[in-house]
Amino acid sequence: MCDVVAGYGGHPILHGVSFSVRAGETLVVVGPNGSGKSTLMKTAVGLLRPISGQVLLGEANVTTLGAPARAARGLAYVPQEANIFRNMSVLENLQVGYEFVASRSAPSFGVRLDAVLDLFPEIRVKLRSTAGHLSGGQRQMVAMAAALMPEPSVLALDEPSAGLSPRNAEILFEVIGRVAASGVTLLIVEQNTRLGLGAADHGVVLVGGRIRLAAPAAEVLADPDIRRLYLGGV
Amino acid sequence: MGQLLVNGIVAGLLLALPALALSLTFSVLRFANYAVGSYLSCGAYLVYIGNVLLGMPLWLAASAGAALFAVIAVGIDWLAYRPLRNRGGVTLLVASMGVAIALENVIRFFAGNSPRAYNVPVARPMRFGDIRLNHEQLTILVAVIAALAVVWIIFRFTRLGRMMRAVADNPDLAAVRGISRSRVVAYVWLIAGMLTTLSGVLVGLDANVEPQMGWTYLLPVFTAAILGGIANPMAAVAGALTLGIAEELATLVMPVHYRMIVTFLVMVALLLVRPWGLFGTRWVTK
């Protein structure tokens with residue numbers, strides 16, 4: 001993102017935000033409530049068009065592209081809430097995750113399904129269940145699995161641990177670690193700073209729509225001022 | 001009683017296609033298309049042109065009319081609804097009232113106010129024991145059930161159906177899963193245009209083709225769609241059947257020409273007690 005100003009109804013929430021994620025790395029954006037994290041994520045994935053500035057995906061300027069076109073270029077997104085199609089079965093959720101994005105040269109649906117179910121074995125037995133009837137943790141896994149179906153190059157996660165028990169959040173971040181190890185670039189917005197920054201290469205602290213600090217994740221976690229002022233003293 | 005039940009099923013099936021079209025457009029676009037009745041009338045007149053003026057058999061005229069009006073429905077969306085897409089459901093509802101008035105007046109301008117009839121052979125009704133079934137009713141039964149089956153198969157088992165269900169369920173998530181909403185909207189209008197044209201033909205067969213025919217069906221169609229759960233297209237079919245049968249059975253206790261009261265009563269009761277419909281889920285606004 002280069003000098004992005006974005007908001008709703010002409011009122012900016014992000015004020016000139018710039019950061020980048022290198023291919024294959026994980027960047028976590030943390031910050032207090034109302035700092036603009038979700039606005040940043042929506043701008044990144046194409047659900048919100050910035051007022052000014054540029055969004056780049058690889059070498060391509062995707063600022064004017066909508067979410068479907070960015071998805072077709074390998075950007076997958078898991079929203080914080082409403083991240084599954086509640087009235088569809090788990091299998092249909094995975095099918096929709098694959099069929100409108102996967103390129104002609106991509107591995108077949110069956111191959112991707114097996115690969116994704118290996119990451120989330122818990123949902124293998126739930127494939128015929130209606131997604132809206134699953135528990136919060138299972139829904140989060142279905143949402144992640146659906147996003148991973150087309151083998152994206154970049155995965156954006158908005159508050160992946162929100163609403164999960166500590167144990168489920170840890171399990172989810174273990175999976176996120178495995179996804180990162182497979183070479184997928186990750187952009188994560190996370191309120192659980194310890195968990196988020198613990199899994200990241202780099203961290204960005206967003207406060208009031210401006211970047212307060214951008215540094216390697218370990219440095220962000222170690223910065224006493226940042227911890228005290230913005231990260232709840234973790 | 002058996003005859004009333006059959007009549008009720010036929011009446012319900014007549015409502016089912018426009019109710020399905022209304023519910024389908026509502027589920028994807030989140031506005032109630034008040035012009036659904038005028039779509040029905042327009043489709044019926046297009047088929048009349050093919051059948052009576054051009055001498056086509058009814059099935060061919062209906063197919064051509066449905067295809068043509070499907071394209072017109074997409075065109076109406078481009079002209080009237082698309083520019084207002086982000087203005088909210090009430091604005092679009094008012095726009096659809098304007099579309100309804102415009103379409104009806106176009107019909108009156110070209111075709112006049114006189115009732116017309118399709119060119120179909122007159123045939124004796126069939127009898128199954130005590131139950132009498134005329135050819136128009138049989139045509140309605142077969143055509144509506146076939147159309148519903150096709151729509152259900154599209155919905156459940158095709159890529160297009162998954163696209164439509166995804167956008168209806170969660171438009172933002174559908175967008176990030178690579179689904180273009182504008183494409184889905186176009187497909188939805190194509191299907192709605194075909195369904196309303198087919199229902200226009202069947203209403204025209206059952207009664208007459210006239211400019212007011214859509215208005216007559218507007219309240220029952222809305223009631224049927226709300227009865228099922230307006231955002232749940234296939235449930236609208238169940239709503240239509242329930243309403244059709246209730247209207248017919250009501251004639252056991254009230255004069256036939258008062259049966260529209262049943263529709264009013266059902267609509268009022270639903271809005272008071274269960275506005276999300278019999279099969280719908282409660283809407284929560286944050």
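Given the structure is predicted, the values throughout are model-derived calculations rather than measurements.

Caption draft 1: Summary view of the sheet that holds strand S2 (residues 11-17) of chain A. Residues and elements named next belong to chain A. The three strands are arranged S2-S1-S4 in an open sheet whose pairing can be described as antiparallel. Each of the sheet's edge strands pairs with one partner strand only, and the pair in question is S2 and strand S4 (52-54). The sheet shows a mean angle of 30° between the axes of neighbouring strands, direction not considered. Relative to S2, strand S1 (residues 2-8) runs antiparallel, the two being bridged by five bridges. Bridging across to S2, Ala6 finds its partner in Leu14. Sheet contacts for helix H1 (residues 37-45): S1 and S2; angle to S1, the most-contacted strand, approximately 110°.

Caption draft 2: Region of interest: a nonpolar patch on the surface. All names here are of chain B. On the surface, Ile49, Val52, Leu53 and Leu54 cluster together to form a nonpolar patch covering roughly 360 Å² of accessible area. Within the secondary structure, Leu54 is located in the loop between helix H2 (36-53) and helix H3 (58-81). Of the residues examined, Leu54 reaches a relative accessible area of 58% and is grouped as exposed.

Caption draft 3: A look at the interface of chain B and chain A. Taken residue by residue, the interface counts 18 residues in chain B and 25 residues in chain A. For the pairing of chain B and chain A, the buried interface totals around 1,900 Å² over both sides, and the portion due to carbon and sulfur atoms is 57%. Ranking the residues of chain B by area buried against chain A places Arg162(B), Val176(B) and Arg177(B) at the top, with a combined share of 38%. For the interface between chain B and chain A, the tally reads two salt bridges. Among the salt bridges present, the one from Arg165(B) reaches Glu92(A), with a minimum N-O distance of 2.8 Å. At the junction of chain B and chain A, the tally comes to seven residue pairs in polar contact (both at pLDDT 80 or more). Counting residues per element, the side of chain B that touches chain A draws most heavily on helix H6 (residues 159-169) of chain B, at six residues. Taken together, the residues of the side of chain B that touches chain A sort by class into seven nonpolar, three polar and eight charged.

Each value, and the rule that gives it
Residues numbered from 1 in each chain as written. Chains lettered and ligands numbered in written order. Predicted model: local features only at pLDDT ≥ 70, side-chain atom pairs only at ≥ 80, totals over all residues. Heavy atoms only, no water. Pairing = 2+ DSSP bridges. Helix = DSSP H or I, 4+ residues; strand = E, 2+ residues; numbered from the N terminus. Axes fitted to C-alpha atoms, helices over the stretch in contact; angles between N-to-C directions. Contact = heavy atoms within 4.5 Å. Patch = residues over 30% accessible without salt bridge, like charges linked within 9 Å, V, L, I, M, F, W, Y side chains within 5 Å. Areas by Shrake-Rupley, 256 points an atom, 1.4 Å probe, with all protein chains shown as cover. Salt bridge = Lys/Arg side-chain N within 4 Å of Asp/Glu carboxyl O. Buried < 20%, exposed > 50% of the residue type's maximum accessible area, 1.4 Å probe, protein only. Buried area = accessible area lost by both parts, 1.4 Å probe. Polar contact = N/O pair within 3.5 Å; in protein donor to acceptor, adjacent residues only side chain to side chain. Nonpolar A, V, L, I, M, F, W, Y, C, P; charged D, E, K, R; others polar.

Don't take any of this as a statement about function, it's just geometry.
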